[in-house]
Every structure is written in structure tokens, then in C-alpha cells.
Amino acid sequence: MPDNAPKTGCGARPLTAEQNHILRKRGTEYPGSSPLLAEKRQGIYHCAGCGAALFSSSTKYESGSGWPSFYAPLEGGVKSHRDTSHGMVRTEVCCAQCGGHLGHVFPDGPPPTGERYCMNGLVLEFVPDPA
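Residues numbered from 1 in each chain as written. Predicted model: local features only at pLDDT ≥ 70, side-chain atom pairs only at ≥ 80, totals over all residues. Heavy atoms only, no water.

## Overview of the packing of aromatic side chains
Throughout the structure, instances matching the rule amount to 4 aromatic pairs. A centroid spacing of 4.8 Å and a plane angle of 50° characterise the contact between Tyr45 and Phe126, whose relative ring orientation is tilted. Note that Tyr45 is positioned in strand E1 (residues 43-47) and Phe126 in strand E9 (residues 124-128), a separation of 81 residues in sequence. Considered together, Tyr45 and Phe126 belong to a single accessibility category, that of buried residues. (Phe/Tyr/Trp six-rings, centres within 6.5 Å; stacked < 30°, edge-to-face > 60°. Helix = DSSP H or I, 4+ residues; strand = E, 2+ residues; numbered from the N terminus. Buried < 20%, exposed > 50% of the residue type's maximum accessible area, 1.4 Å probe, protein only.)

Have a look at this one:
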């Protein structure tokens, strides 16, 4: 199995048809459609496919792209690789644990990293910090 192929078994969870399309078939959601765009609470964003912790709300920002955006992932949360699909050269971001497609990272984000992790909200599960 290629290093970037979605894995099965490793804590795999049942997925909706939309989540399966994004995580396993490398699809995307419509811009502006994710309820997570408006999420402002403190907490952690997890992979909907396996539950792995991916991003902290402390790195989330409003990019204006129409997708939840972060300037850095949690250490060991994601892997990235070159994506030449759709006639473009981009960097695809996948869950490091299950290999599910999350979105892409671009070099136009804010300091301190200058990166914009543009993620599909349907494949993220937000867990708020305990009050």
C-alpha cells in the first residue's frame, strides 16, 4: 500500500457518504459549507475517520478561503505529500494515523509559520476543552 493511501483498521470509524468521499476518495466539500468555520471555542480538532488529534483551536484563523484554516498542525498529527491532480501542483494533507485526505497546505498563511492548512470541515471533529 502506498504511504499516502488511506489505511483501514487503525481505529476506523463509520463514515457518512460525504466523509467517505473526502477522506477515502480525496474529495472536497463546498466552500463555506462547514459549520466549523464559525467555531470559536478552545479545543482540539480530530480526524473523523480514526479520532487522531490533528489541530488545536489556538492555530485556527479566518483565511477567507471558505474552509477551516490553521497555521500549524499538532506534532505528528498530519503527513503531507505532493499532489498533481486536477492539473495543479499542491501539497495534500492527510491524517498521519489513518491516511485519510484532509485538505491541502499552501504557503500563504499568517506568522509564525506562513502556512495555511486548508481543511475539509466535514472530516474534522471538534472536541471543546472542558469548561
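## Topic: the pattern of salt bridges
Evaluated as defined, the whole model comprises 4 salt bridges. Notably, a salt bridge pairs Arg41 with Glu39, separated by 2.7 Å at the nearest N-O pair. (Salt bridge = Lys/Arg side-chain N within 4 Å of Asp/Glu carboxyl O.)

## Looking at the pairing of E1
Across the 5 residues of E1, 4 count as buried, placing the element largely inside the fold. Across 5 bridges, the pairing between E1 and E9 is antiparallel. The partner of His46 across the bridge, within E9, is Glu125. Bridge analysis of E1 against strand E2 (residues 53-56) gives 3 bridges, and the strand direction is antiparallel. Considered in E2, the bridge of Tyr45 is made with Phe55. (Pairing = 2+ DSSP bridges.)

## A word on the sheet that holds E9
Spatially, the 3 strands line up as an open sheet ordered E2-E1-E9, and their pairing is antiparallel. Either end of the sheet is taken by a strand with one partner, and the two such strands are E2 and E9. Adjacent strand axes in the sheet meet at a mean angle of 30°, parallel and antiparallel pairs treated alike. (Axes fitted to C-alpha atoms, helices over the stretch in contact; angles between N-to-C directions.)

## A short note on the sheet that holds strand E3 (residues 60-61)
In spatial order, the strands read E3-E4-E8-E7-E6-E5; together these 6 strands make up an open sheet with antiparallel pairing. Only two strands of the sheet have a single partner each, and these edge strands are E3 and strand E5 (78-83). Bridge count for E5 against strand E6 (residues 90-95) is 6 bridges, and the pairing is antiparallel. Its bridge partner lying in E6, Arg82 is registered against Thr91.

## Notes on the side chain of Lys60
The topology assignment puts Lys60 in strand E3. It is Glu62 that comes nearest to the buried, bridge-free Lys60 among opposite-charge side chains, at 6.1 Å. A polar contact of 2.9 Å, which involves the side chain of Lys60, links it to the backbone oxygen of Leu36. A polar contact of 3.1 Å, which involves the side chain of Lys60, links it to the backbone oxygen of Glu39. (Lys, Arg positive; Asp, Glu negative; His and termini not counted. Polar contact = N/O pair within 3.5 Å; in protein donor to acceptor, adjacent residues only side chain to side chain.)

## Points about the nonpolar core
Leu54, Phe55, Cys95, Leu102, Tyr117 and Met119 are the most contacted members of the largest nonpolar core, which has 21 residues in total. Those elements giving two or more residues to this core turn out to be helix H1 (17-23), E1, E2, E6, strand E7 (101-106), strand E8 (116-119) and E9. In this structure, Phe55 is in contact with Gly43, Ile44, Tyr45, Phe70, Ala72, Pro73, Leu74, Val78, Tyr117 and Met119, ignoring residues within four places of it in sequence. (Core = buried A, V, L, I, M, F, W, Y, C linked by side-chain atoms within 4.5 Å. Contact = heavy atoms within 4.5 Å.)

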